[in-house]
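# Coordinates in review
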Amino acid sequence: MKLNSLRGYKDIVGTINHVPTISISRKIIPYLFLLPALSGLFFFRFFPIIVNFYGSLYRSSYSSQGETSIFTGLSNYIDLFYDPTFWNSLKVTFKLNLFLNPIQITMALIIALLIRKNTLFNRISRTLFLLPLGIAIAISSSIWRILLDQNYGLINGILEFLSIPRQPFLTSSNQAIWCIVLVAAWCGISYLMIFFLVGLQEIPNELYESAKIDGSNNWNSFWKITLPLLKRTILFVTVLDTSSNFLLFVPIFMLTKGGPNMSTDTLMYQNYSSAFIYSDFRRALTISSVILIILLIVVFFEFKMLGKEDQ
Amino acid sequence: MKKILLLTIIVCMLLIFTGIVLAAEEITFVQSGYMTTQREIFVENNGYDYIERFEEETGIKVNLSPYPYPNVLEVIEVQMKAKSSQMDVYMVNSPLTASYAVRGYLEPIDDIFPPEEQARFFPAVVEMAKWNGKVYNIPFENSSQFMFYNKDLFEKAGIPFPPMDVNQRWTWEKVVEASQKIQETLNKEGETKIWGLIFQQVNRPYQMLALPQSLEAGSGVSPDGLHVEGYLNNEGWIKAMTWWYNVNNIWKINPKGVGPTETSQLFESGNVAMFICINGEISLFEKLREEGRLNYGIAPHPYFKDGKPATPTSGWHLGINPYSKHKEAAKKFIKYLTSDKIMADWFKGTKRLTGNRVMNEIIANSPEYKNFPFDAYEKIITYELAFTAAPRPTTPAFLEWDASVEKAFSDVQNGEDPKTVLDKYSSIIEKMAEKYQ
């Protein structure tokens, strides 16, 4: 039955190869299949980027006639360059990413390694670790806000029980950013863990068994087998994590609103406040373009660094 | 056959057309979230629904679109930036009049609010509805402040109650002293469950501005409304901010990290001795008092010993979207809502102040306002509105000013140096206000 259908397929292919008009359709058809996805990508991704960049080249001015838009070229970008609040936001964004990304990726990998084997305990653990995914980030941020409350929060209650002084957490310019790291890490680790679990399952067991026969311990197997074979997954997770953390917004909006003293005022929050609090949409468009450019540069370097051996 | 078909099509089209013409006109009213509860209170106390009555009288259907504060401001920004005709009428936070007018967010309404109509309203609120000689909205509500206090906590600490008398109002210095005594007496060592003082709209300029204004430091904006440098960071502002710093970081009589949506609950639960609060909450507290859950008293808003009394004021107005496709219906609606009849019932029902003077007659003539707690309207509010009410600044950069000053108060509350913070935000606002200069 299988052989017959294969022959039939070969006949069809053979026929197609000999008819030039059908050959053109063969070239076009794949693109036709891709068209809906590509048009979606263009209209919902590339087109807004173009509109965003175009809008950032204009400036709003107000007079008795109302609002007028004036083409000012790159002046919004130059303004941003001389704006200390922008540099502060850039610093905060990098600080956040510098700590949050490694924490999330390392923890996700460690947890994935620990619950990799298909035992009953691991199956229960997997479910528990995946629970944060089932809670909307806005809700989990609200819960964290209650937990971290300076006066009535559970965490301060525990600290007090342990005779440790109460901590200001979200109201301290030194501690707020670490609270955001904690909340964002809690929310994001389980998501990244799924990718690592899939990556780990793709590594053949035989490799570990033969390494074991050759006298390798778990530590060596991790460095010599697991990590090299997970490189593609790590690259994917790193790029995914960087892009999502660069655009991190909800925990900051829910917990600190960029404060105290602008210590959690990331570029994304600056973007939001420029547009919706200060109603300066031109500045918001400019910041969006800058975020995109920075993100492209960072991801480019991540590809360069992590994708080396593959090349 | 063809003729019958053609006739049927024509009849159908005529029916559809007539249907469209006869269908009730609809307007959308974007309002602040608190209006939903106030509408229920209004209906409960007046026995009719003002929206339903308007619909019955005019045949215009009103779609209500409530958003919590401050999200309602974001909704207005987004809709107006998009030049959307979706909303027809919206609530305007009155100090934003200049900002909205300059950006073309409001339809001028001099035709429906001429000087003879304006005379029915308090002059101060009418001024807030104008920009560059044009009227952009009609005052709906006004506001004033009380210092509510928890009688039980005062009694336990052995402190005499602050009097309900504007001539004997407490100073902020006395408030701090009493707060410290209450906290020392009622809290266990190393634990703060009872707080001396809390502001309902903590860190929001609406309520905090009274501090520098009491020190005669101005509203933080230049007379032309375009600059803040030297106004927001002048000596009086630094002094007021230093007091706020001390309240939170030295005397520790106000809880940090509590937002404006949580403050009322702290007072209601009996954990706060003195609560600086908008007068409109009186109905809620009175209900709790009747149920035996809150034993409260009312005193006038405090002031600084070296300064003069200054009290927060102003409120929501009603404006029309210039892109609305139902401007005439929208005009009818805001005229109806601000009419003497509805304003009188609004005040009677909700106890919230109106921009319309009709509330003064009710306070003067109704026996309800001769006894506690509503006697506070005659003893305190009428005086405050006439002599101490200090509005927020009139500036096209109000949106930027308001959000930045809130952040400044918040940063100082969290322990940042007052002068550094004021200098920083002065420079930020100055930069943002450039586009209006």
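Residues numbered from 1 in each chain as written. Chains lettered and ligands numbered in written order. Predicted model: local features only at pLDDT ≥ 70, side-chain atom pairs only at ≥ 80, totals over all residues.

### Describing the overall build of chain A
Broken down by element type, chain A carries 14 helices and 2 strands. Taking 311 residues into account, the globule formula puts the C-alpha radius of gyration at 19 Å, and chain A, at 26 Å, lies well above it. Overall, the C-alpha framework of chain A stretches about 75 × 65 × 35 Å when taken along its three principal axes. Relative to its full complement of 311 residues, chain A shows a buried share of 29%. A separation of at least 24 residues holds for 65% of the contacts in chain A among residues at least 6 apart in sequence. (Helix = DSSP H or I, 4+ residues; strand = E, 2+ residues; numbered from the N terminus. Rg over C-alpha atoms; globule rule 2.2 N^0.38 Å. Buried ≥ 20, exposed ≤ 12 C-beta atoms within 10 Å, placed from the backbone. Contact = placed C-beta atoms within 7 Å.)

### Looking at the overall build of chain B
Scanning chain B from terminus to terminus reveals 20 helices and 11 strands. The C-alpha radius of gyration computed for chain B amounts to 24 Å, which stays within 12% of the reference 22 Å derived for 437 residues, consistent with globular compactness. Each principal axis of the C-alpha distribution contributes one length, and for chain B these read about 95 × 50 × 40 Å. Looking at chain B as a whole, 49% of its 437 residues are labelled buried. In chain B, of all internal contacts separated by at least 6 residues, the share reaching a separation of at least 24 is 78%.

### A look at the sheet that holds strand β2 (residues 61-67) of chain B
All names here are of chain B. The strand order across the open sheet formed by 5 strands is β2-β1-β3-β11-β6, and the pairing between neighbours is mixed. Single-partner strands in this sheet number two, and they are β2 and β6 (137-139). Between one strand and the next, the sheet's axes are offset by a mean angle of 30 degrees, whatever the strand orientation. Of the pairings in the sheet, the one linking β6 to strand β11 (residues 316-320) comprises 3 bridges and is antiparallel in character. Across the sheet, the residue bridging to Pro139 is His317, located in β11. (Pairing = 2+ DSSP bridges. Axes fitted to C-alpha atoms, helices over the stretch in contact; angles between N-to-C directions.)

### With respect to the domain arrangement of chain A
Considered domain by domain, chain A is made up of domain 1 (2-51) and domain 2 (83-306). Here the C-alpha centre of domain 2 of chain A lies 39 Å away from the C-alpha centre of domain 1 of chain A. (Domains from an automatic or database assignment.)

### Focus: helix α11 (residues 231-246) of chain A
Residue and element names in this part refer to chain A. Over its 16 residues, α11 extends 22 Å from the first C-alpha to the last, a length consistent with the 22 Å expected when each residue adds 1.5 Å. Every buried residue belonging to α11 is among Thr233, Val237, Thr238, Asp241, Asn245 and Phe246, and all of these are buried. Where α11 is buried, its residues meet α4 (84-114), α8 (176-201) and α14 (281-306). (Expected span 1.5 Å × (residues − 1).)

### Quick word on the interface of chain B and chain A
Interface size is commonly expressed as the accessible area that is lost once the parts come together. On the chain A side, the residues contacting the 22 residues of chain B number 23 residues. At the level of secondary structure, the elements contributing two or more residues to the side of chain B that touches chain A comprise α4 (71-81), α19 (398-413) and α20 (418-432) of chain B. For the side of chain B that touches chain A, the element with the highest residue contribution is α19 of chain B, accounting for 6 residues. Within the side of chain B that touches chain A, the residues separate by chemical class into 8 nonpolar, 4 polar and 10 charged. (Nonpolar A, V, L, I, M, F, W, Y, C, P; charged D, E, K, R; others polar.)

### Overview of the sheet that holds strand β8 (residues 195-199) of chain B
Strand-to-strand pairing in sheets goes through backbone hydrogen bonds, with the strands running parallel or antiparallel. Residue and element names in this part refer to chain B. Taken in spatial order, the 4 strands line up as β8-β9-β7-β10 in an open sheet, and their pairing is mixed. Two strands bound the open sheet, and with one partner strand each, they are β8 and β10 (296-299). In this sheet, neighbouring strand axes are inclined to one another by 20 degrees on average, regardless of whether the strands run parallel or antiparallel. With 4 bridges connecting them, strand β7 (residues 145-150) and β10 associate as antiparallel partners. Its bridge partner being in β10, Phe148 is matched across the sheet by Ile298. Together, β8 and β9 (272-278) form the strand contacts of helix α9 (residues 172-186), whose direction differs from that of β8 by roughly 135 degrees.

### What about the nonpolar core?
A general tendency of soluble globular proteins is for nonpolar side chains to be buried together. Core analysis: the biggest nonpolar cluster contains 159 residues, and Ile180 of chain A together with Val89, Phe148, Trp244 and Ile429 of chain B have the highest contact counts within it. Ile180 of chain A has contacts with Leu96, Pro251, Ile252, Leu255, Thr256 and Thr264 of chain A, leaving out every residue within four places of it along the chain. Formed by 12 residues, the second largest nonpolar core is a distinct cluster that contains Ala112, Phe129, Phe196 and Val237 of chain A. (Core = buried A, V, L, I, M, F, W, Y, C linked by C-beta atoms within 7 Å.)

### Description of the domain arrangement of chain B
Residue and element names in this part refer to chain B. The domains assigned to chain B are domain 1 (22-139 + 314-388) and domain 2 (145-311 + 393-436). Its C-alpha centre places domain 1 at a distance of 27 Å from the equivalent point of domain 2. Of the residues lining the interface, 18 residues belong to domain 1; the matching set on domain 2 comes to 23 residues. Among the secondary structure elements, those contributing two or more residues to the side of domain 1 that touches domain 2 are α5 (97-102) and α18 (375-388). Top contributing element to the side of domain 1 that touches domain 2 by residue count: α18, with 7 residues. Partitioned by chemical class, the residues of the side of domain 1 that touches domain 2 number 11 nonpolar, 3 polar and 4 charged.

### Re α4 of chain B
All of the buried residues in α4 of chain B are Val72, Leu73, Ile76, Glu77, Gln79 and Met80 of chain B. Buried positions along α4 of chain B lie against α13 (267-277) of chain A together with β1 (26-32), β2 and β3 (89-93) of chain B. Positive phi appears at Lys83 of chain B, one or two residues downstream of α4 of chain B, with a value of about 50 degrees.

### What to know about unusual backbone geometry
Note: most peptide bonds trans; most residues except glycine with negative phi. Residue Pro70 of chain B is bonded to the preceding Tyr69 of chain B through a cis peptide linkage, with omega at 5 degrees. With respect to the helices and strands, the residue Pro70 of chain B is situated in the loop between β2 and α4. Here the residue pair Phe372 of chain B and Pro373 of chain B is connected by a cis peptide bond, since its omega of 5 degrees sits within 30 degrees of zero. Tracing the sequence through the fold places Pro373 of chain B in the loop between α17 (358-365) and α18. The phi dihedral of Asn261 of chain A is positive, around 50 degrees, even though this residue is not glycine. Within the secondary structure layout, Asn261 of chain A lies in the loop between α12 (250-255) and α13. The buried category is assigned to Asn261 of chain A, around which 24 C-beta atoms lie within 10 Å. With phi around 50 degrees, Asn132 of chain B is a residue other than glycine that occupies positive phi space. Inspection of the secondary structure puts Asn132 of chain B in the loop between β4 (130-131) and β5 (134-135).

### A word on the pairing of β8 of chain B
Residues and elements named next belong to chain B. Across the 5 residues of β8, 5 count as buried, placing the element largely inside the fold. Where β8 lies against β9, 4 bridges are found, and the strand directions are parallel. Looking at the pairing, Trp195 lines up with Val272 of β9.

### Some words on the packing of α11 of chain A against α14 of chain A
When two helices pack together, their arrangement is given by the angle between the helix axes and by the axis-to-axis distance. Residues and elements named next belong to chain A. Direction vectors running N to C along α11 and α14 enclose 165 degrees, while the axes themselves pass 10 Å from each other. When the interaxial angle is binned, α11 and α14 end up roughly antiparallel. As α11 packs across α14, the resulting crossing turns out to be right-handed. Residues Lys231, Ile234, Leu235, Thr238, Val239, Thr242, Ser243 and Phe246 of α11 lie in contact with α14, whose contacting residues are Ile291, Leu295, Val298, Val299, Glu302 and Leu306. Considering only residue class, the contact of α11 with α14 consists of 9 nonpolar, 3 polar and 2 charged. (Parallel < 35°, antiparallel > 145°, perpendicular 65-115°, else oblique. Left-handed = near helix turned anticlockwise from the far one by under 90°.)

### Observations regarding the pairing of β11 of chain B
Residue and element names in this part refer to chain B. Of all 5 residues that make up β11, 5 are buried, and the element is covered over most of its length. Neither face of β11 is open: one carries Trp316, Leu318 and Ile320, the other His317 and Gly319, and all of them are buried. Bridging between β3 and β11 involves 5 bridges; their strand directions are antiparallel. By the bridge assignment for β11, Val92 is matched with His317.

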